[in-house]
Amino acid sequence: MPEKPDCTGLLSDRVFAVAPMIDWTDRHCRFFHRQLSRRALLYTEMVVADAILQGDRQRLLSFDPVEHPVALQIGGSDPDKLARAAEIGAAFGYDEINLNVGCPSDRVQSGTFGACLMRDPGLVGRCLSAMRAAVDVPVTVKCRLGVDDQDPEQALDAVADAAIEAGVSAIWVHARKAWLKGLSPKENRDIPPLDYDRVRRLKARLPNVFIGLNGGLGSVEAAARECGDLDGVMLGRAAYQTPGQLTEVDARFYGVANASVDYAHVIETMAAYAERHMAAGGRLGHVTRHMVGLFAGLGGARRWRQRLSDAAARAGAGPEVLQEAFAEIRPALQDRAAA
């Protein structure tokens, strides 16, 4: 194997990322998250290479420039198709192209990609090499510790070594095995035990490679604790379900002073965004569904959620719903600011 490249600096400004999550991290979610953190790396949902090659690319890949830095995650196992899909993604302006080697869903199993690729590190290497040759932006990989009865020590090392030889800029590891036999995709997010130490051992073996941690991180605070001697952390469901904590990211991970967020401005920005989306034929709920957890834990949060959910589903509802819902939470925000 060739000498390992020093790639820790390539993504050193992206120490915190919001994980790719199917049905969640669409363009509306990412636009919203960008209002809460200016620096976090945002990921798309996984988009299958065949869909990029054959489908509506504008619908699948277009995004608002404010989302930068934003990464496109692609699923697939055909090196040629992945290379062409990566090239298309880079042309759309994505800052990074990521290969999914971790999703355990039935859909990826039937297509023998996602977590299934953990069984074939040689193919992973060929896929990443083809993608790397096709684009000038960083190519990265997100994987599991292994699948089914694989030994995580051997399985993770084999995929990591193949990825490094292919010239990737970062390896993100969901610190659980995936059980393709016997567990549902939902169960695979919680039941297989976490092993952060295995990821740290990978980093110790590969000191010149960007190694990022994902899986089971319940808060920005927990992510900061676990980051330690790793190069980055990736928050998934916690970032989506309680997005208000993303307001801590810029100060905690990037040292940005005075990084407080003006929630009134966030609501105004999102209302204007929703208005543009509706004018283009979209629905209010496409935007507001990502915002219901914004004020979790704050007095009035239940009324915010109810107003946002109920009113957004009402026929003829418009962006004013956001201001109406915000009125329910504003007193609690004022009390918190005065405390």
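Per-chain numbering applies: the sequence of each chain, read as written, is numbered from 1 onward. pLDDT decides what is reported in this predicted model: residues at 70 or higher carry local features, side-chain atom pairs at 80 or more are listed and counted, and totals for whole chains, interfaces and linings draw on all residues regardless. Working from all heavy atoms in the structure, the side-chain values ignore hydrogens and water.

For the rest of this paragraph, the subject is the pattern of salt bridges. When a carboxyl oxygen of Asp or Glu is within 4 Å of a side-chain nitrogen of Lys or Arg, the pair counts as a salt bridge. If you walk through the whole model with that rule in mind, you get 20 salt bridges. Between Arg14 and Glu96 there is a salt bridge, with its nearest N and O atoms 3.7 Å apart. Note that Arg14 is positioned in the segment before β1 (16-18) and Glu96 in strand β4 (residues 96-101), a separation of 82 residues in sequence. Burial classes follow relative accessibility: with a 1.4 Å probe on protein chains only, a residue under 20% of its type's maximum area counts as buried, one over 50% as exposed, and anything between as partly exposed. Judged by its relative accessible area of 12%, Arg14 falls in the buried class. The shortest N-O distance in the salt bridge between Arg225 and Glu221 comes to 3.9 Å. Here the residue Arg225 and the residue Glu221 both occupy positions in helix α10 (residues 220-227), the gap between them amounting to 4 residues, near one helical turn. Classification of Arg225 by relative accessible area gives exposed; the value is 57%. Only DSSP runs of H or I reaching four residues or more are called helices, and only runs of E reaching two or more are called strands; each is numbered from the N terminus.

Further remarks concern the nonpolar core. Within the largest apolar cluster, 105 residues are counted, with the highest numbers of intra-cluster contacts made by Phe16, Leu128, Ile171, Phe295 and Trp304. The contact criterion used throughout is that any non-hydrogen atoms of two residues lie within 4.5 Å. The residues contacting Trp304, other than those within four sequence positions of it, are Ile267, Met291, Val292, Leu294, Phe295, Leu322, Ala325, Phe326, Glu328 and Ile329. Counting 9 residues, the second-largest nonpolar core is a separate cluster that includes Ala17, Ala71, Ala170 and Met234. Here, nonpolar core refers to any group of buried Ala, Val, Leu, Ile, Met, Phe, Trp, Tyr and Cys residues whose side-chain atoms link them within 4.5 Å.

All of the buried residues along helix α9 (residues 196-205) are Tyr196, Arg198, Val199, Leu202 and Lys203. The buried residues of α9 occupy one face: seen down the axis, they fall within an arc of 160°. Buried residues along α9 sit in contact with α7 (152-166), β6 (170-174), β7 (211-214) and α10. What the arc measures is the spread of directions leading from the helix axis to the C-beta atoms.

A word on the pairing of β7. By the alternation rule, side chains of β7 split into Ile211 and Leu213 and Gly212 and Asn214, which are all buried. Assessed by its sense of winding, the connection that carries the chain from β7 through α10 to strand β8 (residues 232-235) is right-handed. With the strands aimed away from the viewer, a crossover counts as right-handed if its path from the first strand over the helix to the second runs clockwise.

Omega for the bond connecting His68 with Pro69 falls within 30 degrees of zero, at -5°, which places this linkage in the cis form. On the secondary structure map, Pro69 appears in the loop between α3 (57-61) and β3 (70-75). Even without a glycine there, the phi angle at Asp23 is positive, about 75°. Mapped onto the fold, Asp23 is located in the loop between β1 and α1 (27-36). On the accessibility criterion, Asp23 (52% relative accessible area) is exposed.

Put simply, side chains in a regular strand alternate between the two faces of the sheet. Extensive coverage of β4 is indicated by the burial of 6 of its 6 residues. Here β4 shows two buried faces, one formed by Glu96, Asn98 and Asn100 and the other by Ile97, Leu99 and Val101. Pairing of β3 with β4, which is carried by 4 bridges, proceeds in the parallel orientation. Each bridged residue has a counterpart across the sheet, and for Leu72 the counterpart in β4 is Ile97. Two elements, β4 and strand β5 (residues 139-143), share 5 bridges in a ladder whose sense is parallel. Bridge pairing links Leu99 to Val141 in β5. When DSSP finds at least two bridges between two strands, those strands are taken to pair.

Put simply, the chain has an average pLDDT of 91, and 94% of its residues get 70 or more. The pLDDT value tells you how sure the predictor is about a given residue, anywhere from 0 up to 100. Predicted confidence for residues 1-10 stays below pLDDT 50, and this span has 23 contacts to residues more than four positions away or in other chains.

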